[in-house]
Amino acid sequence: CHPQLEGLCSFLQLSTCPEHLLVCFCSWLLALTPDLSYTSAAILAEQLFLRRVLSLTQPPSRHLMAALASFCSKYSQPFCRVLVAAVLQEPGEGAEQTKLVCELVEECLEPDCVRLVLSQVLEVPLSEKFLPVAQAVLGRQEVLPPELFDLLVLTLCRQAPAFATSLNYAKLVTAVLTMYQSQVS
């Protein structure tokens, strides 16, 4: 079924359809019963959004943001596994992509996906580009599982010399110390 879904997406040119139609399509997807499988949702996340998001050079349109928010409201787990992972793997600055991920973390993603995003950030080499994403996750004030919290602290400690002059790093460390002061010794 999955090659057929990819073929259908290609036939319908979903990766290049106008963004106002993308909003309509996502609304239609949300109304489907039964819900899409994880794999189908992941394929659709890739087909609908990946190219658009990775090619952003300016803030996303309100239509794209509405479509992303709509899709994330029901399929945030596969969305994060596909799209956030791709943004984190993408070389270069990716300022617009980073801002987009931060906005999704702050406004759209469920708590389990917020934690997933943090674990994804901690899986790649920490860079100035990803510090705002980690900050956005902490800004949600979600309870982190002990192993994820330990990994965050360990990563921040190991990376301290590399970020000695980084204001974003200092903000992140301050946020960790403030929010989790009872756990930091």
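Everything that follows concerns the structure shown earlier in this document.
Residues numbered from 1 in each chain as written. Predicted model: local features only at pLDDT ≥ 70, side-chain atom pairs only at ≥ 80, totals over all residues. Heavy atoms only, no water.

## Structural notes on the overall build of the protein
Worth spelling out the cut-off: Strands here are runs of E lasting at least two residues and helices are runs of H or I lasting at least four, both read from the DSSP assignment and numbered beginning at the N terminus. Radius of gyration: C-alpha atoms only; globule rule: 2.2 Å multiplied by the number of residues to the exponent 0.38. Each residue gets one of three labels from its accessible area relative to the maximum for its type: buried under 20%, exposed over 50%, partly exposed in between, using a 1.4 Å probe on protein chains only. Here, two residues are considered to be in contact whenever any of their heavy atoms come within 4.5 Å of each other.
When you go through the protein residue by residue, the secondary structure sums to nine helices and zero strands. Shown N-terminal to C-terminal, the secondary structure of the protein runs as helices and strands in the order α-α-α-α-α-α-α-α-α. Its C-alpha radius of gyration of 17 Å places the protein within 12% of the 16 Å reference for a compact globule of 185 residues. Seen along its three principal axes, the alpha-carbon backbone of the protein occupies a region of about 55 × 35 × 25 Å. Sorting the 185 residues of the protein into buried and exposed places 46% on the buried side. Long-range pairs, those at least 24 residues apart, make up 79% of the contacts in the protein with a sequence separation of at least 6.

## Digging into the pattern of salt bridges
Going by this rule: Think of a salt bridge as a Lys or Arg side-chain nitrogen and an Asp or Glu carboxyl oxygen that are within 4 Å of each other.
One pass over the full model with this rule turns up three salt bridges. Across the pair Glu96 and Lys99 runs a salt bridge, and its minimum N-O distance is 3.5 Å. With Glu96 and Lys99 both in helix α5 (residues 95-107), this residue pair falls three residues apart, about one helical turn. Salt-bridge contacts for Glu142 lead to Arg140; the nearest nitrogen and oxygen are separated by 3.2 Å.

## Focus: the side chain of Glu96
Residue classification places Glu96 among the buried residues on the basis of a relative accessible area of 11%. Residues in contact with Glu96, not counting those within four places in the same chain, are Leu56, Thr57, Gln58 and Pro59.

## Here's the deal with the state of the cysteines
Such a bond, covalent and formed between the sulfur atoms of two cysteines, is termed a disulfide. As a reminder, the rule being used: Here, two cysteine sulfur atoms that lie within 2.5 Å of each other are counted as a disulfide.
Within this structure, the stated rule accounts for zero disulfides. The thiol sulfur of Cys17 is not disulfide-bonded, and the nearest other cysteine sulfur, from Cys26, lies at 8.5 Å.

## Quick word on the packing of aromatic side chains
Our working definition: Between 30 and 60 degrees the pair is tilted, below 30 it is stacked and above 60 it is edge-to-face, where a pair is any two Phe, Tyr or Trp rings, Trp via its six-membered ring, whose centres lie within 6.5 Å.
With the rule as written, the count across this model stands at seven aromatic pairs. When the centroid spacing of 5.5 Å and the interplanar angle of 70 degrees are considered together, the rings of Phe49 and Phe71 count as edge-to-face. Separated by 22 residues along the polypeptide, Phe49 in helix α3 (residues 38-54) and Phe71 in helix α4 (residues 62-89) bring together distant segments of the chain. When its relative accessible area of 0% is taken as the criterion, Phe49 is described as buried. With relative accessibility at 1%, the residue Phe71 sits in the buried group. Ring centres of Phe149 and Tyr180 lie 5.1 Å apart, and the angle between their planes is 50 degrees; this geometry places the pair in the tilted category. A residue pair is termed long-range when its members are at least 10 positions apart, and Phe149 in helix α8 (residues 146-159) and Tyr180 in the segment after α9 (167-179) qualify at 31 residues. The exposure classification of Phe149 matches that of Tyr180, with both residues buried.

## Here we look at the nonpolar core
Counted only if it meets this: Buried Ala, Val, Leu, Ile, Met, Phe, Trp, Tyr and Cys residues form a nonpolar core when they are joined through side-chain atoms within 4.5 Å.
If you look at the biggest cluster of nonpolar residues, it comprises 62 residues, and the most contacted ones within it are Leu48, Phe49, Leu68, Phe71, Phe79, Leu109 and Val117. Those elements that place two or more of their residues in this core are α2 (19-31), α3, α4, α5, α6 (111-123), α7 (131-139), α8 and α9. When residues in this core are grouped by element, the largest group, 14 residues, is from α4. Excluding anything up to four places from it in sequence, Phe71 contacts Cys26, Leu29, Ala41, Leu44, Ala45, Leu48, Phe49, Ser76 and Phe79.

## Concerning α9
Using the following cut-off: The span expected for a helix works out to 1.5 Å for each residue beyond the first. As used here, the arc is the angular range of directions from the helix axis to the C-beta atoms. A 3.5 Å cut-off defines polar contacts: any pair of N or O atoms within that distance qualifies, except that in protein one atom must be a possible hydrogen donor and the other a possible acceptor, and neighbouring residues in sequence count only when both atoms are side-chain atoms.
The end-to-end C-alpha separation of α9 is 18 Å, in line with the 18 Å expected for 13 residues at 1.5 Å each. Of all the residues in α9, the buried ones are Tyr169, Leu172, Ala175 and Val176. The buried residues of α9 occupy an angular sector of 125 degrees when the element is viewed end-on, so they sit on one face. α9 presents Leu167 and Thr178 as exposed residues on the side facing more than 90 degrees away from its buried surface. Buried residues along α9 sit against α7 and α8. Where α9 begins, one side-chain oxygen reaches toward the backbone nitrogen of Asn168, 3.4 Å away; that side chain belongs to Ser166.

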